[in-house]
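Each chain is listed here by its residues.
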Amino acid sequence: KTSFDFMINASFLSAGSALLLLLLGLASPGALAGEWLPWAMEVAVFAAGAYLFYLGSISRAAGWGATVKSAFDLYRGKLLDQLGFKQKPGSMLGERALWEAISRQMIYGDPPAHVGSPPAYGGPSSPSARGKPSVAELRVTRAMASAPPGRTRVMLRVGNPDKERDVKGVVVTDVVPEGHLYLWGSARAAGEPVQVTGSNPYRFELGTVPAGSEVVLEYRYVQPGK
């Protein structure tokens, strides 16, 4: 990094000096009577220096980037620990998906449709559901079946035990196992498509769960290549 900073700063200063000399010479041509050649050579030397220093900074930037990437690759497990993730990915595919999700979270934050608190970092937890009013209690149970091979069918039964109050804007959060992907377009509730956001955890916008009733959410996840 030190050599990169030196090269890029030297390039900037050389370019600035060449530009300044050029402007001064053009602004006062009378002061350069008989001295045009030395002036032109000075401008050319500074301009060439700016270009050469810039070329040198490219290799320094590549070396700096390789060092940063190597450090990230060597200590990415410890970085996950420091970020609060206790469960380690079980495959390279799962690890890539996890880092992509972390990157999106850091850059863009939570999606606008997110309701309630984000899931805990303790690993794939039980599915959860939140709605409005936020104090409403929703009960979620999960059942799973494999059909066909490589695909898993998940059924989430979301119940509202309150006999008097509907729960609106319900969002169900669930996590698929590492190495698997949600099958887009497979989410259904009462035969109707369900909007899905997020990337493991996925958030299913269920709508309203009437008082004293339940809604069954169904979706599928797949193992890539199957």
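Residues numbered from 1 in each chain as written. Predicted model: local features only at pLDDT ≥ 70, side-chain atom pairs only at ≥ 80, totals over all residues. Heavy atoms only, no water.

Focus on the pattern of salt bridges
Which entries qualify depends on this criterion: By definition here, a salt bridge exists when the distance from a side-chain nitrogen of Lys or Arg to a carboxyl oxygen of Asp or Glu is within 4 Å. Counting from the N terminus, the helices are the DSSP runs of H or I reaching at least four residues and the strands are the DSSP runs of E reaching at least two. Buried, partly exposed and exposed residues are distinguished by accessible area as a fraction of the type maximum, computed with a 1.4 Å probe on protein chains only: under 20%, between the cut-offs, and over 50%, respectively.
Under the counting rule described, the total for this entry stands at seven salt bridges. Between Glu95 and Arg76 there is a salt bridge whose closest N-O contact spans 2.3 Å. In this pair, Glu95 sits in helix 3 (residues 92–108) while Arg76 sits in helix 2 (residues 36–83), placing the two residues 19 residues apart along the sequence. The exposure class assigned to Glu95 is buried, which follows from its relative accessible area of 17%. Each of Arg153, Glu218 and Arg220 takes part in one network of salt bridges that share partners.

Section: unusual backbone geometry
Geometrically, the link from Lys132 to Pro133 is a cis peptide bond, its omega value of 5° lying close to zero. Take Pro133: it is sitting in the loop between strand 1 (128–132) and strand 2 (139–146). Cis peptide bonds are those with omega within 30 degrees of zero, and the linkage from Asn200 to Pro201 qualifies with 20°. The phi angle at Ala190 is positive, at roughly 55°, despite the residue not being glycine. Residue placement: Ala190 occurs in the loop between strand 6 (188–189) and strand 7 (192–193). With a phi close to 50°, Asn200 is a non-glycine residue in the positive phi region. Structurally, Asn200 is set in the loop between strand 8 (195–198) and strand 9 (202–209). Assessed through its relative accessible area of 24%, Asn200 is described here as partly exposed.

Description of the sheet that holds strand 8
To keep things clear, this is the line we draw: Paired strands, as defined in this entry, are two strands with at least two bridges between them according to DSSP. Axes here mean lines fitted to C-alpha atoms, for a helix over just the part in contact, with angles spanning 0 to 180 degrees between N-to-C directions.
The antiparallel open sheet is built from four strands, whose spatial order is 1-4-9-8. Strands with a single pairing partner mark the edges of an open sheet, and in this sheet they are strand 1 and strand 8. Within the sheet, the average angular offset between the axes of one strand and its neighbour, ignoring direction, is 30°. In the sheet, strand 1 pairs with strand 4 (residues 167–174) via four bridges, with the strands oriented antiparallel. In the strand pairing of strand 4, Ser128 is matched with Thr173.

Considerations on the confidence of the model for the protein
What counts is decided by this rule: On a scale of 0 to 100, pLDDT captures the predictor's confidence in every residue. Residues count as neighbours in contact if any of their non-hydrogen atoms are within 4.5 Å of one another.
Averaged over every residue, the pLDDT of the protein is 83; the share at 70 or more is 88%. Per-residue pLDDT, averaged within each element of the protein, yields its smallest value for helix 3 (81) and its largest for strand 6 (93). Contacts for the low-pLDDT stretch residues 113–117, under 50 throughout, to residues beyond four places or in other chains number nine contacts. Taken as a whole, residues 119–124 scores under 50 in pLDDT and shows 10 contacts with residues more than four places along the chain or in a different chain.

So, the environment of Ser199
Inclusion rule: In protein, a polar contact requires one atom able to donate a hydrogen and another able to accept it; more generally it is a pair of N or O atoms within 3.5 Å, and residues adjacent in sequence count only if both atoms are side-chain atoms.
Along the chain, Ser199 falls in the loop between strand 8 and strand 9. Expressed as a C-alpha distance, the spacing of Ser199 and Ala97, which sit 102 residues apart in the sequence, is 8.2 Å. Apart from the residues lying within four places of it in its own chain, the contact partners of Ser199 are Ala101 and Arg104. Looking at Ser199, its side chain comes within polar contact range of the side chain of Arg104, at 3.1 Å.

Side note on the environment of Gln195
Assignment of secondary structure puts Gln195 in strand 8. Along the backbone, Gln195 and Trp184 are 11 residues apart, and their C-alpha atoms lie at a distance of 9.9 Å. Ignoring anything within four residues of it in the chain, the contact list for Gln195 reads Arg203, Phe204 and Glu205.

Observations concerning helix 1 (residues 2–27)
To keep it simple, the criterion reads: Helix span, as expected, comes to 1.5 Å for every residue beyond the first.
A rise of 1.5 Å per residue sets the reference length of helix 1, with its 26 residues, at 38 Å; its end C-alpha atoms lie 37 Å apart and thus fit the reference within 8%. Residues of helix 1 that are buried in the fold lie against helix 2.

Topic: the packing of helix 2 against helix 3
Helix-helix packing is described using two parameters, namely the angle between the two axes and the distance between the axes. Our working rule: These descriptions rest on fixed angle ranges, namely under 35 degrees for roughly parallel, over 145 for roughly antiparallel, 65 to 115 for roughly perpendicular, and the rest for oblique. Handedness of a crossing follows from how the near helix is turned relative to the far one, being left-handed for an anticlockwise turn of less than a right angle and right-handed for a clockwise one. When residue character is reported, Ala, Val, Leu, Ile, Met, Phe, Trp, Tyr, Cys and Pro are called nonpolar, Asp, Glu, Lys and Arg charged, and the others, Gly included, polar.
For the pair helix 2 and helix 3, interaxial distance at closest approach is 13 Å and the crossing angle is 60°. Between helix 2 and helix 3, the angle falls in the class oblique. Crossing hand, helix 2 versus helix 3: left-handed. Of the residues in helix 3, those in contact with Phe72, Arg76, Leu79, Leu80 and Leu83 of helix 2 are Glu95, Leu98, Trp99, Ile102 and Met106. Of the residues that constitute the contact of helix 2 with helix 3, the class distribution is eight nonpolar, no polar and two charged.

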